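# Reading the structure
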Amino acid sequence: QVQLVESGGGLVQAGGSLRLSCAASGRTDSRYSMAWFRQAPGKEREFVAAINWSGGRTDYADSVKGRFFISRDNAKNTLYLQMNSLKPEDTAVYYCAARNSYSVSRRASAYDYWGQGSQVTVSS
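Residues numbered from 1 in each chain as written. Predicted model: local features only at pLDDT ≥ 70, side-chain atom pairs only at ≥ 80, totals over all residues. Heavy atoms only, no water.

## Quick look at the overall build of the protein chain
- Scanning the protein chain for helices and strands turns up zero helices and 11 strands.
- Starting at the N terminus and ending at the C terminus, the protein chain contains elements arranged as β-β-β-β-β-β-β-β-β-β-β.
- Over its C-alpha atoms the protein chain spans a radius of gyration of 13 Å, differing by no more than 12% from the 14 Å that the globule rule assigns to 124 residues.
- Its C-alpha atoms put the protein chain at 40 × 25 × 25 Å along the principal axes.
- When burial is assessed residue by residue, the protein chain has 48% of its 124 residues classed as buried.
- For the protein chain, long-range pairs separated by at least 24 residues make up 58% of all intrachain contacts whose partners lie at least 6 apart in sequence.
- Looking at charge distribution, the protein chain has the averaged site of its 15 positive side-chain charges lying 3 Å from that of its 10 negative ones. (Helix = DSSP H or I, 4+ residues; strand = E, 2+ residues; numbered from the N terminus. Rg over C-alpha atoms; globule rule 2.2 N^0.38 Å. Buried < 20%, exposed > 50% of the residue type's maximum accessible area, 1.4 Å probe, protein only. Contact = heavy atoms within 4.5 Å. Lys, Arg positive; Asp, Glu negative; His and termini not counted. Charge placed at Lys NZ, Arg CZ, Asp CG, Glu CD.)

## Re the state of the cysteines
- Counted according to the given criterion, the structure contains one disulfide.
- Two residues, Cys22 and Cys96, share a disulfide whose sulfurs are 2.0 Å apart. Because the torsion about its S-S bond is 50°, the bridge between Cys22 and Cys96 counts as right-handed. Here Cys22, found in strand E3 (residues 18-26), pairs with Cys96, found in strand E9 (residues 92-99); they are 74 residues apart in sequence, far enough to count as distant. For the pair Cys22 and Cys96, one class covers both residues: buried. (Disulfide = S-S within 2.5 Å.)

## Examining empty space enclosed by the protein
- Applying the stated criterion across every chain, the model contains one cavity of 30 Å³ or more.
- Estimated volume of the largest cavity: approximately 100 Å³.
- In the lining of the largest cavity, the residues fall into seven nonpolar, five polar and one charged. (1 Å grid on protein atoms, 1.4 Å probe; cavity = no way out; pocket = protein on both sides within 12 Å on 5 of 7 lines; lining within 4 Å. Points joined across faces, edges and corners; volume = space filled by probe spheres on them. Nonpolar A, V, L, I, M, F, W, Y, C, P; charged D, E, K, R; others polar.)

## Focus on the environment of Gln1
- Along the chain, Gln1 falls in the segment before strand E1 (2-7).
- A relative accessible area of 61% means that Gln1 is categorised as exposed.
- C-alpha of Gln1 to C-alpha of Tyr113: the two residues are 112 residues apart in sequence and 8.0 Å apart in space.
- Residues contacting Gln1, with those up to four places away along its chain left out, are Ser25, Gly26, Arg27 and Tyr113.

## Some remarks on the side chain of Arg38
- With respect to the helices and strands, the residue Arg38 is situated in strand E4 (residues 33-39).
- Classification of Arg38 as buried rests on a relative accessible area of 6%.
- Looking at Arg38, its side chain comes within polar contact range of the side chain of Asp90, at 2.9 Å. (Polar contact = N/O pair within 3.5 Å; in protein donor to acceptor, adjacent residues only side chain to side chain.)

Here's what the structure looks like:
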């Protein structure tokens, strides 16, 4: 089992930046690929970004490409999402997720473990 806890959300003005963190605990000795998803009110959960175990491969949704950057520090068992040039449409609850696989995936159903979510609100 892996437990995931997100932090770093909050309220920011459009054009600003935030960095989300996701701390993993439990069976972190396995090779997990990880991802960020988000869910806005009344909408389905959507893929944001993913990273493989080594950090050598990343994938981004088109809506965030060039503005968001995913990274991980395996020594600290922590996943990050640096969000720049934020827009009101980025407002959502952001979730980190982990899957026991070397490869990344954009499908929420491919992930085995989820955090509780962190609210990000971008004001116009």
